[in-house]
Amino acid sequence: MSELPTGTVTFFFSDIEGSTRLLQSCGARWPELLARHGAIVREALGRHGGVEVGTEGDSFFAAFGSAGQAVAAAVDVQRALMVEPWPAGESVRVRIGLHTGEASVVEATYVGLDVHRAARIMAAGHGGQVLVSGSTEALARASLEGVRLVDLGAHQLRDLPTPEHLFQVAADGLADRFPPLRGVTVNPTNLPLELTSFVGREAEAAAVAGLLREHRIVTLTGPGGTGKTRLSLHVAASASVEFPGGVYFVPLVELREVELVLPTIGQVLGIIEPGREPLERIPERVAGRRVLLVLDNLEQVVEAAPDLAELVRRAPELWILASSRIALRIYGAVEYPVPPLEMPDPRTIDLDPTIERLPAVALFVERARAVRPDFSITAENAAAVAEICWRLDGLPLAIELAAARVRILPPGAMVERMDRRLDLGATGMRDRPERQQTLRGAIAWSYDLLDEADRRFFACFSVFRGGADLEAIERVTMAGRDPLEQIASLLDKSLLRRDEGDDGATRFRMLETIREFAAERLDERADADAVRRAAAGHYLELAERLAPTVLRPQSQAVRTMEREHDNIRAGIAWSIEHDVEMALRWLPACWRFWQVRGHLPEAVERARAVLSLAGIVEHPKLLAEAEEAAGGIFYWQGDMAAAQEHYQVALDLQRQVGDEPAVANALYNLSSSIAVNFDDPFTPTDPAAQAAIDEALAIYRRLGDRAGEGNILWAAMNVQIFAREHDAVRRIGREALAIFDEVGNRFMAAWTHYMLGANENIARDPGSALPHFRPALEYFLEADDLSGFALVFDGFAASAYLLGDRPLAMRLAGAARAVQAAGGSQLGALNRSWNEFEPEKMISDPELAAMWDEGLGMSVSEAAELALGWTNAAGAER
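Because the structure is predicted, anything quoted here is derived from the model rather than measured.

Draft legend 1. Seen up close, the overall build of the protein. Along the protein, the regular secondary structure elements total 38 helices and 17 strands. Its C-alpha atoms put the protein at 90 × 75 × 55 Å along the principal axes. Expressed as a percentage of its 878 residues, the buried residues of the protein come to 57%. The long-range fraction of contacts in the protein, counting pairs at least 24 apart against all pairs at least 6 apart in sequence, stands at 73%. With the model as given, the accessible surface of the protein reaches about 35900 Å², and the carbon-plus-sulfur share is 50%. Averaging the positions of the 88 positive and the 126 negative side-chain charges in the protein gives two centres separated by 2 Å.

Printed below as a string of structure tokens:
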């Protein structure tokens, strides 16, 4: 064995994920597979100067004298494993952990806490993942090419006394999406990952973190493009261990209505209780927990600042870190103006390659290498790069825009163009901060290079929120003409970006600051209203076309609408302001999507805004459909009084219109909402509900509408289950299932199985409930239906509780609560009240509280695997 490195050493640990399963599946081929895995690891270690310290089974322990070499070796290992043709279609997924520190050499091996830390870092990862500690990241960062270190924040590793700041290695050829880290104490968070390196803001991050320790509202201010969002995310991730109640990112960039700010915060926090103000519910939710809210892009709803101040006053354990171009100006808030990046002054500094140590230049170089991997600071271009950074005032977005031009212009030529076209001090916007004038000038520089056709396209593209595909671009901005020439032109000038989704779909988008500049140009055009109407019309037609297929399993419609949700939001907002008829059409087109994808709090606000418009009564048919959609929104949120109100209006309008099938459907909806009673879960059959069912059933049978007949039978089950008529529920359910099988309605078949399972729980035969919950859950998994998960997990939990397995019941109930918080549905509470199951009262038991917390942290797939595995075992025992 080679001599072990001493001093500062980077420790490398790896093992195969799921090796026991692989051994069982490979059988006699296992030794061959293990040997090939070992050869790949050893080859990478040798190539980068690593010393093998020891092996045990499928695990490796190695040491490097260089952190950068250790990262490079780990990347080589993962790339080689990814492309290796493993036998019989198997795959070998290895997790790797790296940590740099000092350790003593005793009997040809290392001992010390740093060795254990490296091993724990590896154990936290998943197959295909490379995790590195903060010390390794700090030493390796400058020497890496083509490799990014993604900040995962601070984590408390098992058995170690202090948290560790972890980074994930990202590079071409490596997997980049993994489940949450294993075996760590992770405070709740939804912070997005930082996908590019955090350059030059260490001092600012430390200053903001210090302010957060002294003040409960900190606002990062500055113009667009100064890096406020990036700085806030980095500070929040680093401070996560100080907020055990959670760190929550609340994006506000698409909000324009001040009244939506607090409901949006409530939704992110998982508050789903209808009928109460967020100013009441949010303080209750965070009571006794230190929680940090990261409010991003607050400037367009800055009038909500007094509400935020009141929120913090009522919630003593709540902190806010906000980013805004406008200061909040409220008592108790401290403002931190985000400065430009430190940059070289061409008038005073030696202009040689050493300027790369300055953050502005480091950012320029990193972004330039994204388009020209061989770019570097040389004696020949150092002066030009320094001039560019200086003239752009160290503003990150402006520097990134300029660096992207390296693909077509060397730095010297860029400076010459700046001399002619970019007047940093004269934008004609004297009421704006100087730095914002500078940024606007940087964008104007690129805009000035466009010809008239590109300028029109640039302005029209601003109507898209979150990007657009080619069909939308062609229809909205080009009036049917091919847009590829304009797209290519704006891509070249870094005014447009190309994205490729997981499904391979190509989209184009603008950075938000650039989009705002483009929107100002659109406002100056005579055809601005026509373009905005075209965008709203396109996305309304898209939503209406997709609406009938939203409930299908593995629905492409759901994925498409999720991707276009920001464009849909913009279309709704425009329609509310300008076109009542279009506004009414949005609710029936979108409400099912909002239901299954967990946007119910937002859907409530949209419904209220549309149905309060003047002139809606002039469109009775559209109004009836909109009222029906509103009833559905409130039904799934659990507000039955509001649901009945809207369903009744819909029924009255459909009778007025004279649409008999629509009348029957309105009766079906109304009967379902009448049947649900949260205050008294067991009530006699309501005559009004039964009358609605009887009338609708007669209509459907007269029309020969079997699908409608199945629906109304399902509603009849609802009425009977509340009356505890168990045999009636079973009889009607069998009849409804036969119809749904006949017409191919798997959505309603799944909900029928769910209700039959709930009925068996109420009848205190939970073993008979499981065969019904299983097919319901299997369908909801196919459809990725959050509202379905919310109820069926609670159904499984109630069955476990009734069967005496309280730990399992608490895990499943916790999983149900997490889904309900994400989706906004409150209907799952019925399972608990029907079966006298109150998990919130059981968490006083530490063991059950731990099970509840485990459930809250489960993914949907993990909770489904738990429920289905238990169901299989229970079925085998029976």
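Draft legend 2. Here's a closer look at unusual backbone geometry. Here the phi dihedral of R724 falls at roughly 60 degrees; this positive angle occurs in a residue that is not glycine. With respect to the helices and strands, R724 occurs in the loop between α29 (706–722) and α30 (726–743). A relative accessible area of 48% means that R724 is categorised as partly exposed. Even without glycine at this site, D784 takes up a positive phi of about 50 degrees. Here D784 is to be found in the loop between α32 (766–783) and α33 (786–802).

Draft legend 3. Representation of the confidence of the model for the protein in the model. Mean pLDDT over the protein: 85, with 91% of residues reaching 70 or higher. Here helix α15 (residues 434–448) stands out as the least confident element of the protein, with mean pLDDT 59; helix α20 (residues 528–546) is the most confident, with 96. Counting contacts from residues 420–438, a segment whose pLDDT is below 50, to residues more than four positions away or on other chains yields 33 contacts.

Draft legend 4. Fine view of the packing of helix α9 (residues 278–286) against helix α10 (residues 305–314). Where α9 contacts α10, the axes come no closer than 9 Å and their chain directions differ by 40 degrees. Regarding the angle of α9 to α10, the classification is oblique. Crossing hand, α9 versus α10: right-handed. On α10, the residues that touch L279, E280, I282 and P283 of α9 are D307, E310, L311 and R314. Residue classes in the contact of α9 with α10 are distributed as four nonpolar, no polar and four charged.

Draft legend 5. Quick peek at the packing of α29 against helix α31 (residues 746–762). Two elements in contact, α29 and α31, have axes whose closest approach is 11 Å; the angle formed by their N-to-C orientations is 15 degrees. Put simply, α29 runs roughly parallel to α31. The handedness of the crossing between α29 and α31 comes out as left-handed. For the pair α29 and α31, the contacting residues are N711, W714, M717, N718 and I721 in the first and M748, W751, T752, M755, L756, A758, N759 and I762 in the second. The class makeup of the residues in the contact of α29 with α31 is nine nonpolar, four polar and no charged.

Draft legend 6. The arrangement of the pattern of salt bridges in detail. Counted under the stated rule, the structure contains 48 salt bridges. Taking the shortest distance from any N to any O, the salt bridge between R372 and D374 comes out at 3.3 Å. Look at R372 and you get partly exposed, because its relative accessible area is 31%. Across the pair E760 and R730 runs a salt bridge whose closest N-O atoms are separated by 2.7 Å. Of this pair, E760 sits in helix α31 while R730 sits in helix α30, placing them 30 residues apart in sequence. One network of salt bridges, in which partners are shared, links E257, D566, R569, E602 and R606.

Draft legend 7. Highlighting the sheet that holds strand β12 (residues 246–251). The strand order across the open sheet formed by five strands is β12-β13-β14-β11-β15, and the pairing between neighbours is parallel. Lying at the two open borders of the sheet, with one neighbouring strand each, are β12 and β15 (333–337). Direction aside, the axes of adjacent strands within the sheet are offset by 15 degrees on average. Sheet topology note: the strand β11 (residues 217–221)/β15 ladder contains five bridges and is parallel. By the bridge assignment, V218 is partnered in β15 with V334. Running over the sheet, helix α6 (residues 202–214) touches β11, β13 (291–296), β14 (318–324) and β15 and is turned about 175 degrees from β15. Strands β11, β13 and β14 of the sheet are contacted by α10, whose axis makes an angle of about 160 degrees with β14.

Draft legend 8. Representation of helix α24 (residues 600–611) within the structure. Taking 1.5 Å of rise per residue, twelve residues should cover 16 Å, and α24 covers 16 Å from first to last C-alpha, within 8% of that figure. Within α24, nine of the twelve residues are buried, which leaves it mostly tucked inside the rest of the structure.

Draft legend 9. Here's a closer look at the pairing of β13. Across the six residues of β13, six count as buried, placing the element largely inside the fold. Side-chain alternation along β13 places V291, L293 and L295 on one buried face and L292, V294 and D296 on a second face that is also buried. Here β12 runs beside β13; their pairing, made up of six bridges, is parallel. If you follow Y248 over to β13, its bridge partner there is L293. Following the chain from β13 across α10 to the adjacent parallel β14, one finds a crossover that is right-handed.

Draft legend 10. Representation of the packing of aromatic side chains in the model. Tallied over the entire structure, the rule returns 23 aromatic pairs. For the pair Y754 and F773, a centre-to-centre distance of 6.0 Å together with 40 degrees between the ring planes defines the contact as tilted. Of this pair, Y754 sits in helix α31 while F773 sits in helix α32, placing them 19 residues apart in sequence. Each member of the pair, Y754 as well as F773, carries the same accessibility label: buried. With a centroid separation of 5.4 Å and 55 degrees between ring planes, the pair formed by F773 and F796 is classed as tilted. Note that F773 is positioned in helix α32 and F796 in helix α33, a separation of 23 residues in sequence. A single burial state applies to F773 and to F796, both of which are buried. Within the aromatic cluster, the residues linked to one another by ring pairs are Y635, W636, F747, W751, Y754, F773, Y779, F780 and F796. Cation over ring: R216 sits above W319, and NZ or CZ is 5.6 Å from the ring centre.

Rules and cut-offs
Residues numbered from 1 in each chain as written. Predicted model: local features only at pLDDT ≥ 70, side-chain atom pairs only at ≥ 80, totals over all residues. Heavy atoms only, no water. Helix = DSSP H or I, 4+ residues; strand = E, 2+ residues; numbered from the N terminus. Buried < 20%, exposed > 50% of the residue type's maximum accessible area, 1.4 Å probe, protein only. Contact = heavy atoms within 4.5 Å. Areas by Shrake-Rupley, 256 points an atom, 1.4 Å probe, with all protein chains shown as cover. Lys, Arg positive; Asp, Glu negative; His and termini not counted. Charge placed at Lys NZ, Arg CZ, Asp CG, Glu CD. pLDDT = per-residue confidence, 0-100. Axes fitted to C-alpha atoms, helices over the stretch in contact; angles between N-to-C directions. Parallel < 35°, antiparallel > 145°, perpendicular 65-115°, else oblique. Left-handed = near helix turned anticlockwise from the far one by under 90°. Nonpolar A, V, L, I, M, F, W, Y, C, P; charged D, E, K, R; others polar. Salt bridge = Lys/Arg side-chain N within 4 Å of Asp/Glu carboxyl O. Pairing = 2+ DSSP bridges. Expected span 1.5 Å × (residues − 1). Right-handed = clockwise from strand over helix to strand, strands pointing away. Phe/Tyr/Trp six-rings, centres within 6.5 Å; stacked < 30°, edge-to-face > 60°. Lys NZ or Arg CZ within 6 Å of the ring centre and 35° of its normal.

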